[in-house]
Amino acid sequence: MSTLIRGGTIVTAEQTYRADVLCVDGKIAAIGEGLEAPTGCETIDAGGQYVMPGGIDPHTHMQLPFMGTVASEDFYSGTAAGLAGGTTSIIDFVIPDPKQNILDAYRTWREWSQKSAADYGFHVAITWWDESVREDMGTLVREEGINSFKHFMAYKGAIMADDELLYNSFARSLELGAMATVHAENGELVFQLQKKLLAEGITGPEAHPLSRPPAAEGEAANRALRLAEVIGVPLYIVHVSTIEALEEIKRARGQGQRAYGEVLAGHLLIDESVYQNPDWDKAAAHVMSPPFRSKEHQDALWKGLQSGALQTTGTDHCCFCADQKAAGRDDFTLIPNGTAGIEDRMSVLWTHGVNTGKLTINEFVAVTSSNTAKIFNIYPKKGCIQVGADADLVIWDPAATKTISVKTHHQNIDTNIFEGMQVTGLASHTFTRGKLAYIDGDLRAIRGAGEYVKRPAFSAAFDALAKQK
Ligand code: URP
Ligand code: ZN
Ligand code: ZN
């Protein structure tokens, strides 16, 4: 099967140039000006548009069982929505229950993800510790292509990792050449503040950000980074939402630490005023952790992304509909935490990043695709346009506009945090391993067409570091 994308301008993280792209059997087979279409080859006209690596969302939770319910978006509907927005791969999370065998949990998520329409991989959360977990982490890295382990420093009484667990798992990650990652919030502090707010009779969504102050995130980011520094393991902090956490990452990087930060499209563009909405459902629809913050934090996050202190953008796509959020009507701590975004990440970042001059088009590719591929060791299979790479491509129309709405989105959720936002710059065509999965409003995602992407352990540099420790 072959497709020739003709007449577009290729944009990668490094370069912008005019060339055609020939895709054969799912891979990029040739790049050059005036390429001939082989017999039987479909030709797509990309004139006046950009041809970019498909987006990679490093942070999604499809059909996650969480807080007494299950996320409404499954691996098919979620990856299909991603394809409609130009995202061609996700890295989701296996989250074992405490005491659940982590290989069993991994197999369960692999089963659920069979229906994916786009390629996917997993970070595996370490939610408890014993010798079997230590052993099984090795199996996951060596045999299953897992190279990152996630630790939730929040969600006390459920999946929270204490310092002992962080120490053990970070040290084991280093031994294995895997990346440690954290959700950085001080879970004990959040728990105590939640109890205090409830005791004071503050029970609505407006209490959610009060229970998760920026200092709780800054403290946890500092603690995780300091542990990682002593152990010598690289650390990736997911959904950085505050100046406090960003400053810790900058400090660590400035001292030569391998520290990475991800920012969510939502945290860049939505502020904390959403929790003051008198309509309970609308306020609850924005309950996620860490919460949306003040404009001051948003400005700092943009600068972090522009300066390279933050390297990736994700969504933390974790969908709960109004009937699910209603579980917390009398107690905000019971509102399932999570919001959507996979379909809109690329267009909102283009609109508010590229169109405002904050990001160049090449930086846009870096922060939506290439940097994630590099940090999680799937580059150049993913995240780039070169011969031999997977033909995960998006043809991007910088002039196309739309108004984001729940009425027209493909995500399986009854709200959209970007509702009413006018965006300029949209995917016109999305290819997943050479197959056209989206063309100008026509979503052709195929259930089960996505493949699991193994991510190899990191290089000998980390092995050498591990031996020194
Ligand atoms: O509120 C969120 N972010 N829900 C999903 C789980 C997590 O913390 O990433
Ligand atoms: Zn999280
Ligand atoms: Zn998450």
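Right above here is the structure, for reference.
To keep things clear, this report deals only with the structure shown in the data block. (Residues numbered from 1 in each chain as written. Chains lettered and ligands numbered in written order. Predicted model: local features only at pLDDT ≥ 70, side-chain atom pairs only at ≥ 80, totals over all residues. Heavy atoms only, no water.)

A few words on the pairing of strand S4 (residues 20-24). Burial of S4 is extensive: four of the five residues sit out of reach of the surface. Pairing between S4 and strand S5 (residues 27-32): five bridges, direction antiparallel. When the sheet's bridge partners are listed, Val21 is paired in S5 with Ile31. Linking S4 to S5, which pair antiparallel, is a turn of two residues; within it Asp25 sits at a positive phi near 50°. (Buried < 20%, exposed > 50% of the residue type's maximum accessible area, 1.4 Å probe, protein only. Helix = DSSP H or I, 4+ residues; strand = E, 2+ residues; numbered from the N terminus. Pairing = 2+ DSSP bridges.)

Around ligand 1, the surrounding shell holds 13 residues, and the nearest of these are Tyr155, His183, Ser289, Asp316 and Asn337. Here an oxygen atom of ligand 1 sits 3.5 Å away from a polar atom, N or O, in the side chain of His59. Note that a nitrogen atom of ligand 1 is positioned 2.6 Å from one of the side-chain N or O atoms of Asp316. When the free accessible area of ligand 1 is taken as 260 Å², the share hidden by the protein chains comes to 100%. Considered class by class, the residues forming the shell around ligand 1 number five nonpolar, seven polar and one charged. (Near = heavy atom within 4 Å. Polar contact = N/O pair within 3.5 Å; in protein donor to acceptor, adjacent residues only side chain to side chain. Areas by Shrake-Rupley, 256 points an atom, 1.4 Å probe, with all protein chains shown as cover. Nonpolar A, V, L, I, M, F, W, Y, C, P; charged D, E, K, R; others polar.)

At the metal site, the zinc ion (ligand 3) is ligated by His59 (NE2), His61 (NE2) and Asp316 (OD), and these contacts range over 1.9 to 2.2 Å. Around the zinc ion (ligand 3), the four donor atoms sit at angles spanning 86 to 135°, and that spread fits a shape best called tetrahedral. Each donor residue of the zinc ion (ligand 3) belongs to the same chain, with the gaps between them written as H-x1-H-x254-D. In this structure, the zinc ion (ligand 3) is positioned 3.7 Å from the zinc ion (ligand 2). Considered together, His59 and His61 belong to a single accessibility category, that of buried residues. (Donors = N, O, S within 2.8 Å, 3.2 Å for Na, K, Ca; no water. Tetrahedral: all angles 85-135°; square planar, octahedral: opposite > 155°, others 65-115°.)

Counting residues in each nonpolar core, the largest one holds 107 residues, and the members touching the most others are Phe149, Phe170, Leu235, Ile237 and Phe418. No other element matches helix H7 (residues 214-231), which puts seven residues into this core. In contact with Phe170, other than residues within four places in its own chain, are His151, Ala180, Val182, Ala224, Leu227, Ala228, Ile231, Val233 and Leu235. Counting residues in each nonpolar core, the second largest holds 17 residues, with Ile5, Cys384, Ala389 and Phe431 among its members. (Core = buried A, V, L, I, M, F, W, Y, C linked by side-chain atoms within 4.5 Å. Contact = heavy atoms within 4.5 Å.)

Before going further, it helps to examine the coordination of the zinc ion (ligand 2). At the metal site, the zinc ion (ligand 2) is ligated by His183 (ND1) and His239 (NE2), and these contacts range over 2.1 Å. Of note is the zinc ion (ligand 2), whose four donor atoms meet at the metal with angles of 57 to 146° in an arrangement that counts as irregular. Exposure remark for His183: the relative accessible area of 1% places this residue in the buried category. A residue is classified by how much of its surface remains accessible, and His239, at 2% relative accessible area, is buried.

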